[in-house]
Amino acid sequence: MAATPQPTVDALTAITPYRIHVSQKYLDLTRQKLELVRLPREACSTSSVSTISSNVSKAQLEPLIDHWLESSDYDWRVQETLLNDSLPQFRTRVGGTRLHFVHKTSTSPIAIPLLFLHGWPDSFITVSAVIDSLCEPYAVSENEQLQPPAFHVVAPTIPGFGFSEAVKEEANNLWSTAETFDALMKRLGYMHYMVYGSDWGFKIARAIALQHPESCMAVHTTDPKMPWPSPELNMFPGSGMVSPMQSVPVTPHNVTNPVSPDQQQAMAFALCDSPSGLLAYVMDMIKPPASTSAPKSSAPTPSPRLSPYAQYSPAPSGSPQPRDPWSPTTLINWTMLHWLPGPEISLRWVANSTSMEPALWLAHSQVPLGITHYSLPGSPRRPHDPVVWAEAFHRVAMIRRRIGGVRFAAWERPDDVVADIRELAGLVYGVGIGDGTIAVAGI
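Numbering of residues starts from 1 in each chain and follows the order in which that chain's sequence is written. Since the coordinates come from a predicted model, pLDDT governs what is reported: local features require at least 70, and pairs of side-chain atoms require 80 or more to be given and counted, while whole-chain, interface and lining totals use all residues. Side-chain calculation: all heavy atoms of the structure are included, whereas hydrogens and water are not.

Draft legend 1. Just the sheet that holds strand E6 (residues 193-196), in detail. Between any two strands, at least two bridges found by DSSP are needed for them to pair. Secondary structure elements are defined from DSSP: runs of H or I of at least 4 residues count as helices, runs of E of at least 2 residues count as strands, and each element is numbered from the N terminus. Strand order in the open sheet formed by 9 strands is E1-E2-E3-E5-E4-E6-E7-E10-E11, with mixed pairing between adjacent strands. The open sheet has two edge strands, strand E1 (16-18) and strand E11 (394-403), and neither has a second partner. Strand-to-strand twist across the sheet, computed as the mean angle between neighbouring axes with direction ignored, equals 25°. Strand direction decides the pairing type here: strand E4 (residues 112-116) and E6, joined by 3 bridges, are parallel. Angular values range over 0 to 180 degrees, each being the angle between N-to-C directions of two axes fitted as lines to C-alpha atoms, with helices fitted over their stretch in contact.

Structure (structure tokens):
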């Protein structure tokens, strides 16, 4: 296990501390645009069925814009300070591009490096909900062997998103991003590491697992989406494959881009000039529930395989949990992380990556995969849930089924994600956790 990395002194590869500070001129411009906003009229209908639950409405958006404009409700400088004080941030050049990342090390001498990946429309701020618990786990047992794993957490920002510089268009895709993030981990001295990511973050994680299986020791994800297995993999339903695992909950999907690259570019012209339009777009991507009361960690169903300490690791009653994961301030913060650099690069990243996504599913990876699956109570088991779809692409090591309708699990259910990452680490690194050594377990 790598020791705590020290910043390099080479000017081309130097790792420098970074604090967010947005130009006041740009904040003033944002305010001016919000004050001049013109919202569209609502559609008139005689139907009694409301569409507000599935579409962004004027009634939802108007109060958020008011919240954004009211300095007593929302102040970017306050949010900036909170991010700077809670997340140790750095920049370094990788492949000639300045990459922004969060890096927090654990005090544990045997902490495991964890690459925490955001997707879209979320950003590096998602890691703020889990980083402290991952780095410094609470004590669960007097037996050192049963202490939960601790992690050195690295949460980079995709190039062109947030405070990472943009790359040339040929490299603005998930495959190049995967290479950049692996290079960052090795720059920090982490030659072997785990990866967490969901949605687009999982696709980047899978690209890393395929390209760098010698470095990527395990991947954890939530509610993965995968296409139908290729016949060449000999893993179609009815192939006769026998697995000791229960059915793995994945959602087969066809790889399609609902918005063409040309449409993405046309949409960028509008969204780059309208913070209120971008807020509506981000809300439509998130689809926050009408009621956003504080979520609680869900009790998991037993996993087919348990790490040695799993039975001793209930969620701590006093652990930090977002009071409201989709508060007005949160929705505006998520929008700001796209508004500040301009959303055009991230929109093109999604379009470029979607066109390259089919190449993710042409091979099987032996890198262990842990899955957390959320489902609503009483929802029927879908007919497309057999184990073959996940095991066609990955070596499935762990499954956790939890209750709830969740998309951004690390933000909405941080205690769940922390517990399940720990469990996967216990399975993969189980031999030696707590006794000063790390050895990969044979799962």
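Draft legend 2. Representation of the nonpolar core. Side-chain atoms within 4.5 Å are what join buried Ala, Val, Leu, Ile, Met, Phe, Trp, Tyr and Cys residues into a set we call a nonpolar core. Here the term buried applies to any residue with accessible area under 20% of the maximum for its type, exposed to any over 50%, and partly exposed to those in between, with areas from a 1.4 Å probe on protein chains only. By size, the foremost hydrophobic cluster in this structure holds 112 residues, and its most contacted members are Trp-76 and Met-194. Other than its neighbours up to four places away in sequence, Met-194 contacts Ile-112, Pro-113, Leu-114, Leu-115, Phe-151, Ala-218, Ile-421, Leu-424, Ala-425 and Tyr-429. The contact criterion used throughout is that any non-hydrogen atoms of two residues lie within 4.5 Å.

Draft legend 3. Examining unusual backbone geometry more closely. Following Trp-120, the chain continues into Pro-121 via a peptide bond in cis, with omega recorded as 15°. Summarising the element assignment, Pro-121 is placed in the loop between E4 and helix H4 (131-135). One non-glycine residue with positive phi stands out, namely Asp-199, at about 55°. Of note, Asp-199 is situated in the loop between E6 and helix H6 (200-211). A residue is classified by how much of its surface remains accessible, and Asp-199, at 26% relative accessible area, is partly exposed.

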